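Each chain is listed here by its residues.
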Amino acid sequence: MTTAQRPPDPASYRGQHDLLDSFVLGEGRSDSLNALRRYFNEDATTGRLYTGRGFERLEGGGDLPHVRNCITSADVLALSYLSITHRLPDVAFDTMVTYADDIARLLAELPVDIDIHEAAWRVYATTSPAAELHALLRRCGGTNRWVTANKLLARKRPRLLPVYDSRVERLLGAPNSFWECLWTWFDGDPQRVDGLRSLRDEASGIEDISLLRCLDVVLWMRAAGSHIDTDEPG
């Protein structure tokens, strides 16, 4: 096993893991449950409807058998549900034309029917197809569109790859690698998976939403706090 493929040390993310535990299993659990209910339904406090509630669901999802290994117009449109609107035509052209073959090849190497807690670390390693695809997608529609890349990956593999943006980055204290941070958290204790599944079940009506996406929403709603603007997760 190469150094790049070796599982990361969870001790490097102890602070982030403690924070995640508090949101899913600890004193912040009630707030997390309320966040999921507010996000996927009408916010009873503000009356707001979050467009991001349809990100994973638009046209049945980006991981359906006939579209899972390509970027479609629905995938690009779904980005706007999470407030990615800048140069979307350029994103569409690059993902659906310029780099379409490379994207299809790399997507075909990514698992579809497993969750992050079931995946081996090699899926996320710096030499993996996922890492190569992330680097490629960052160039689509610009030069360093890392948030757009994360959202496209989450759309295509919602059980495996997380949405990640600058708000969540700040909330978690800018971990060295978000993929490492989350993978080691899930890998470290099966109670964490059970805790997320329990939150999803109690929120009701979102059984079709991946556990990873539920965690994303919890983190983003926490990061956003009470500030209401046009931003969405990611």
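See above for the structure.
The structure displayed is predicted, hence computed values, not measured ones. (Residues numbered from 1 in each chain as written. Predicted model: local features only at pLDDT ≥ 70, side-chain atom pairs only at ≥ 80, totals over all residues. Heavy atoms only, no water.)

**A short note on the packing of helix α3 (residues 73–81) against helix α7 (residues 146–156)**
- Across the interface, α3 lies against α7 with an axial gap of 10 Å and an inter-helix angle of 125 degrees. Between α3 and α7, the angle falls in the class oblique. When you trace α3 past α7, the crossing you get is right-handed. In this structure, α3 contributes Ala74, Asp75, Ala78 and Leu79 to the contact, and α7 contributes Thr148, Lys151, Leu152, Arg155 and Lys156.
- Across the contact of α3 with α7, the residue classes tally to 4 nonpolar, 1 polar and 4 charged. (Axes fitted to C-alpha atoms, helices over the stretch in contact; angles between N-to-C directions. Helix = DSSP H or I, 4+ residues; strand = E, 2+ residues; numbered from the N terminus. Parallel < 35°, antiparallel > 145°, perpendicular 65-115°, else oblique. Left-handed = near helix turned anticlockwise from the far one by under 90°. Contact = heavy atoms within 4.5 Å. Nonpolar A, V, L, I, M, F, W, Y, C, P; charged D, E, K, R; others polar.)

**A few points about α7**
- Counted residue by residue, α7 has 10 buried out of 11 residues, so it is predominantly covered.
- Turning to α7, its buried residues number three or more, namely Val147, Thr148, Ala149, Asn150, Lys151, Leu152, Leu153, Ala154, Arg155 and Lys156.
- Tucked into the core, α7 has its buried residues touching α3, α4 (88–98), α5 (100–107), α6 (129–137) and α9 (178–188). (Buried < 20%, exposed > 50% of the residue type's maximum accessible area, 1.4 Å probe, protein only.)

**So, unusual backbone geometry**
- Positive phi is not limited to glycine here, since Glu59 has a value of about 50 degrees.
- Here Glu59 shows up in the loop between α2 (29–40) and α3.
- Unlike most non-glycine residues, Arg87 shows phi in positive territory, near 55 degrees.
- Counting through the fold element by element, Arg87 comes out in the loop between α3 and α4.

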